[in-house]
Amino acid sequence: MKVSRYLAVNEQAVTNVRLHWVVLARVILETVAGLVAVLAIAIYSATHGGGGKVLVTLLWWMALAAVVRLAWRVLDWDRTRLLITTSRLVRVSGIISTKVQSIPMSKITDLSYTMDPNGRLLGYGAFVLETEGDHKSDLEKLAHIPRPDRFYLLFCDSIFGSSPEPATDEF
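What counts, and at which threshold
- Residues numbered from 1 in each chain as written.
- Predicted model: local features only at pLDDT ≥ 70, side-chain atom pairs only at ≥ 80, totals over all residues.
- Heavy atoms only, no water.
- Helix = DSSP H or I, 4+ residues; strand = E, 2+ residues; numbered from the N terminus.
- Rg over C-alpha atoms; globule rule 2.2 N^0.38 Å.
- Buried < 20%, exposed > 50% of the residue type's maximum accessible area, 1.4 Å probe, protein only.
- Contact = heavy atoms within 4.5 Å.
- Phe/Tyr/Trp six-rings, centres within 6.5 Å; stacked < 30°, edge-to-face > 60°.
- Patch = residues over 30% accessible without salt bridge, like charges linked within 9 Å, V, L, I, M, F, W, Y side chains within 5 Å.
- Areas by Shrake-Rupley, 256 points an atom, 1.4 Å probe, with all protein chains shown as cover.
- Salt bridge = Lys/Arg side-chain N within 4 Å of Asp/Glu carboxyl O.
- Pairing = 2+ DSSP bridges.
- Axes fitted to C-alpha atoms, helices over the stretch in contact; angles between N-to-C directions.

A. Molecular detail of the overall build of the chain. Counting its secondary structure elements, the chain contains 4 helices and 7 strands. Overall, the chain shows an N-to-C arrangement of helices and strands of β-α-α-β-β-β-β-α-β-β-α. For 171 residues, the compact-globule formula gives about 16 Å, and the C-alpha radius of gyration of the chain, at 22 Å, lies well above that figure. Relative to its 171 residues, the chain shows a buried fraction of 32%. The long-range share in the chain, meaning contacts at least 24 apart out of those at least 6 apart in sequence, stands at 54%.

B. Main features of the packing of aromatic side chains. Applying the stated criterion across every chain, the model contains 4 aromatic pairs. Ring pairs connect the aromatic residues Tyr113, Phe127, Phe151, Tyr152 and Phe155, which therefore count as one cluster.

C. Looking closely at a nonpolar patch on the surface. There is a patch of nonpolar side chains on the surface, built from Leu35, Leu39, Ile43, Trp60 and Val67 and spanning about 410 Å² of accessible area. Contributions of two or more residues to the nonpolar patch are made by helix H1 (25–47) and helix H2 (53–79). The element best represented in the nonpolar patch is H1, accounting for 3 residues.

D. Representation of the environment of histidine 144 in the model. Mapped onto the fold, histidine 144 is located in strand S7 (residues 141–146). Spatially, the C-alpha atom of histidine 144 lies 5.7 Å from that of leucine 19, the residues being 125 residues apart in sequence. Beyond its immediate chain neighbours, meaning those up to four positions away, histidine 144 contacts Leu19, His20, Val22, Val23, Tyr124 and Gly125.

E. Layout of the environment of isoleucine 159. Relative to the helices and strands, isoleucine 159 resides in helix H4 (residues 148–160). According to the relative accessible area criterion, isoleucine 159 is buried, its value standing at 17%. Counting along the chain gives 52 residues from isoleucine 159 to lysine 107, while the straight-line C-alpha distance between them is 9.3 Å. Setting aside residues no more than four positions away along its own chain, isoleucine 159 makes contact with Met105, Ile108 and Leu111.

F. Molecular detail of the sheet that holds S7. Taken together, 3 strands build an open sheet; the order of strands is S5-S6-S7 and the sheet is antiparallel. Each of the sheet's edge strands pairs with one partner strand only, and the pair in question is strand S5 (108–114) and S7. On average, adjacent strands in this sheet sit at an angle of 25° to one another, irrespective of strand direction. Bridging between strand S6 (residues 124–131) and S7 involves 4 bridges; their strand directions are antiparallel. Bridged to phenylalanine 127 within S7 is leucine 142. In the packing of H4 onto the sheet, the strands contacted are S5, S6 and S7, and the crossing angle to S5 comes to about 170°.

Given below as structure tokens:
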């Protein structure tokens, strides 16, 4: 995806990330399980001389629909990007029609992220942004962000001008 089309004149891209592949895990497992089940039923029906040809044909059509659904989700995952620029957080998504959402870095007042046990194991996290004002945005909660430690530091660098320094004790 060409991200330069979403940049303003004096803006530079800091990082461009795709959501973690784990967002596809469920649909992949469902599709594989469905294909295995249809294949098993088709083999059983063929070897036992069952008259369920209409049922098996219907099941194969359902399996095809599951594969098309998987392809659609993979394409949507590939087209969804988070872009940190020098002045904004931008999310671009959509296959047929493109949706672009953004929050100016100057409006972000707090940033935090969490990694559940699966996220720690597989390398993704969920971010929560607090912004000025009473409005709510879809960008205030970002789930399944890969390499959250790196993303956090890049995000902080864009918000605060430099990566956070460790606190020093004065006692």
